Amino acid sequence: MTVKDLARNLLPGAAQDILRDAVYRRNCRLEPRQYRQALERWYRLSTGRTCDLDDPRTFTEKAQWLKLYDSTPVKGRLADKFLMREVVAAKIGGEYLVPLLGVWESADDIDFDALPDRYVIKATHGSGWNIVVPDKRRLHEARSRRQLARWLGRRMAMTGGFELHYEYCEPRIVAEQFLQDESGGLRDYKFVAFDGEVQFAITVDGRFTGERMLTFLPDWSKAPFRYNSRYDDGVAEDVLPRPKRLEEMLAITTELSRGFSLARVDFYEVAGRLYVGEVTFTSSNGLPRLAPAAYDAELGSRITLPARQPFRGVML
């Protein structure tokens, strides 16, 4: 068991929050030349293994290498929940975007009364910084403003795994239309590609009921591995039907991921419409629990790393 697992299992929630905040504050004080050592330490504490950044071979090692040496403004623009809309509209069309309800630079500027009964509100410069509002009558506005203000003041890249491309995102808040599909929840179809070649799909089902994760190959057959074995229940593929617009998802993933060694494109399929949810470059912070473990090396062998890029003008 790793140190990270011990903290998760043994420390109460409040203590875990204190620990995360301490790590965040420490990381914010680091100079860029110290990021590599801190990332290697985080990887070792998270996995129990060392990370060979000089000669990375596995999926998880190459994902860490890409964080340090290929975090670019282009990636930051695509990862930004607001700026990505312009890129997606230009490449594949605005009809694939979830309808936008508002964008704000301060939590104090949000007029909650003007928003519809259901919506989703997000910080644009991070991952998982979302508030899902299925019924705004139950929303605690003051608490939500405090949470959003806290997110706006945080740097996603410094929260643990040095996802440095988030440093190029612009901190804002967006509200989007609430989506719900025929399942009664919202199935999330996440396609992972290596430079335009789709490798597999991760699906998150039962988001509002009982969440589970499944892994599929591009033809929607069950993958011979599980992407995140901590959450993937390994149920046979026939429990989740093939998406009606699968071929379109594959084509869009190819288009949006081309030129990136590793990228993930997320989709929702709702009432006959297809939406691009987001584009991310560090799925699971680059540390999925692949099972069987041999697929860490197998998938890693398919990733071709680019030339090193400077981070904010500095070669790390």
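What you see is a predicted model, and the numbers here were worked out from it, not measured in a lab.

1. Details of the overall build of the chain
Tallying secondary structure elements over the chain gives 9 helices and 9 strands in all. A compact globule built from 316 residues should have a C-alpha radius of gyration of about 20 Å, and the chain, at 19 Å, falls within 12% of that. With the C-alpha coordinates aligned to their principal axes, the bounding extent of the chain is approximately 50 × 45 × 40 Å. For the chain, the residues scored as buried account for 52% of the 316 residues in total. The contacts in the chain between residues at least 6 apart in sequence include a share of 64% that link residues at least 24 apart. Working note: accessible area of the chain is about 14800 Å², and carbon and sulfur atoms make up 49% of it. Both charge centroids of the chain, one from 48 positive and one from 45 negative side chains, sit 5 Å from each other.

2. Structural notes on the sheet that holds strand S4 (residues 173–177)
With antiparallel pairing, 4 strands are arranged side by side in an open sheet as S1-S4-S2-S3. Two strands in the sheet have a free side with no partner beyond their single neighbour: strand S1 (100–104) and strand S3 (130–133). Pairs of neighbouring strands in the sheet enclose a mean axial angle of 15 degrees, with direction left out of account. Bridging between strand S2 (residues 119–123) and S3 involves 4 bridges; their strand directions are antiparallel. Across the sheet, residue Lys122 finds its bridge partner in S3, namely Asn130. Sitting on the sheet, helix H7 (residues 141–152) touches S2, S3 and S4, and the angle it makes with S3 is about 155 degrees.

3. Let's talk about the pattern of salt bridges
Applying the stated criterion to the full structure yields 26 salt bridges. Measuring nitrogen to oxygen at the nearest pair gives 2.9 Å for the salt bridge that ties Lys75 to Asp70. Owing to a relative accessible area of 9%, Asp70 belongs among the buried residues under this scheme. Linked through salt bridges whose partners overlap, the residues forming this network are Lys81, Asp188, Lys190, Arg264, Asp266 and Glu278.

4. Details of the environment of Leu256
Tracing the backbone through its elements, the reader meets Leu256 in helix H8 (residues 246–257). Classification of Leu256 by relative accessible area gives buried; the value is 3%. Sequence-distant contacts of Leu256, that is, excluding residues within four places in its chain, are made with Val88, Lys91, Ile92, Val265, Val276 and Val279.

5. A look at the packing of aromatic side chains
Per the stated rule, a full pass over the model turns up 14 aromatic pairs. Pairing Phe191 with Phe267 gives two aromatic rings, centres 5.7 Å apart and planes at 80 degrees, and the pair type is edge-to-face. Of this pair, Phe191 sits in strand S5 (residues 188–194) while Phe267 sits in strand S8 (residues 263–270); the two residues are 76 residues apart in sequence, bridging distant segments of the chain. Joined through ring pairs, the aromatic side chains of Phe59, Phe194, Phe200, Phe225, Tyr227 and Tyr295 make up one cluster. Over the ring of Tyr69 we find Arg308; its NZ or CZ atom is 4.0 Å from the centre of that ring. Positioned above the aromatic ring of Tyr168 is the side chain of Arg312, whose terminal nitrogen or guanidinium carbon lies 5.8 Å from the ring centre.

6. Description of the environment of Ile202
Its location among the elements puts Ile202 in strand S6 (residues 197–205). As a C-alpha pair, Ile202 and Thr47 span 155 residues in sequence and 21 Å in three-dimensional space. Not counting chain neighbours up to four residues away, the residues in contact with Ile202 comprise Asp188, Tyr189, Lys190, Val192, Met213, Leu214, Tyr227, Arg264 and Ser283.

7. Details of the sheet that holds S5
One open sheet holds the 5 strands; their spatial order is S7-S6-S5-S8-S9, and the pairing between them is antiparallel. Of all strands in the sheet, those bounded by a partner on one side alone are strand S7 (212–216) and strand S9 (273–280). Between one strand axis and the next, the sheet turns by 25 degrees as a mean value, whatever way the strands run. Inspection of the sheet shows S6 paired to S7 by 5 bridges, in the antiparallel sense. Looking at the pairing, Val204 lines up with Met213 of S7.

8. Some words on the pairing of S5
Taken across its 7 residues, S5 has 7 buried, putting it largely inside the fold. Alternating residues of S5 divide into Asp188, Lys190, Val192 and Phe194 and Tyr189, Phe191 and Ala193, and every residue in both groups is buried. Sheet analysis places S5 next to S6, joined by 7 bridges and oriented antiparallel. The partner of Tyr189 across the bridge, within S6, is Thr203. Here S5 folds back onto S6, and the loop between the two strands holds 2 residues, one of which, Asp195, carries a positive phi near 50 degrees. Where S5 lies against S8, 5 bridges are found, and the strand directions are antiparallel. What sits directly across from Val192, in S8, is Arg264.

Rules used in this analysis
- Residues numbered from 1 in each chain as written.
- Predicted model: local features only at pLDDT ≥ 70, side-chain atom pairs only at ≥ 80, totals over all residues.
- Heavy atoms only, no water.
- Helix = DSSP H or I, 4+ residues; strand = E, 2+ residues; numbered from the N terminus.
- Rg over C-alpha atoms; globule rule 2.2 N^0.38 Å.
- Buried < 20%, exposed > 50% of the residue type's maximum accessible area, 1.4 Å probe, protein only.
- Contact = heavy atoms within 4.5 Å.
- Areas by Shrake-Rupley, 256 points an atom, 1.4 Å probe, with all protein chains shown as cover.
- Lys, Arg positive; Asp, Glu negative; His and termini not counted.
- Charge placed at Lys NZ, Arg CZ, Asp CG, Glu CD.
- Pairing = 2+ DSSP bridges.
- Axes fitted to C-alpha atoms, helices over the stretch in contact; angles between N-to-C directions.
- Salt bridge = Lys/Arg side-chain N within 4 Å of Asp/Glu carboxyl O.
- Phe/Tyr/Trp six-rings, centres within 6.5 Å; stacked < 30°, edge-to-face > 60°.
- Lys NZ or Arg CZ within 6 Å of the ring centre and 35° of its normal.

Remember, this is a structural readout, not a statement about activity or role.
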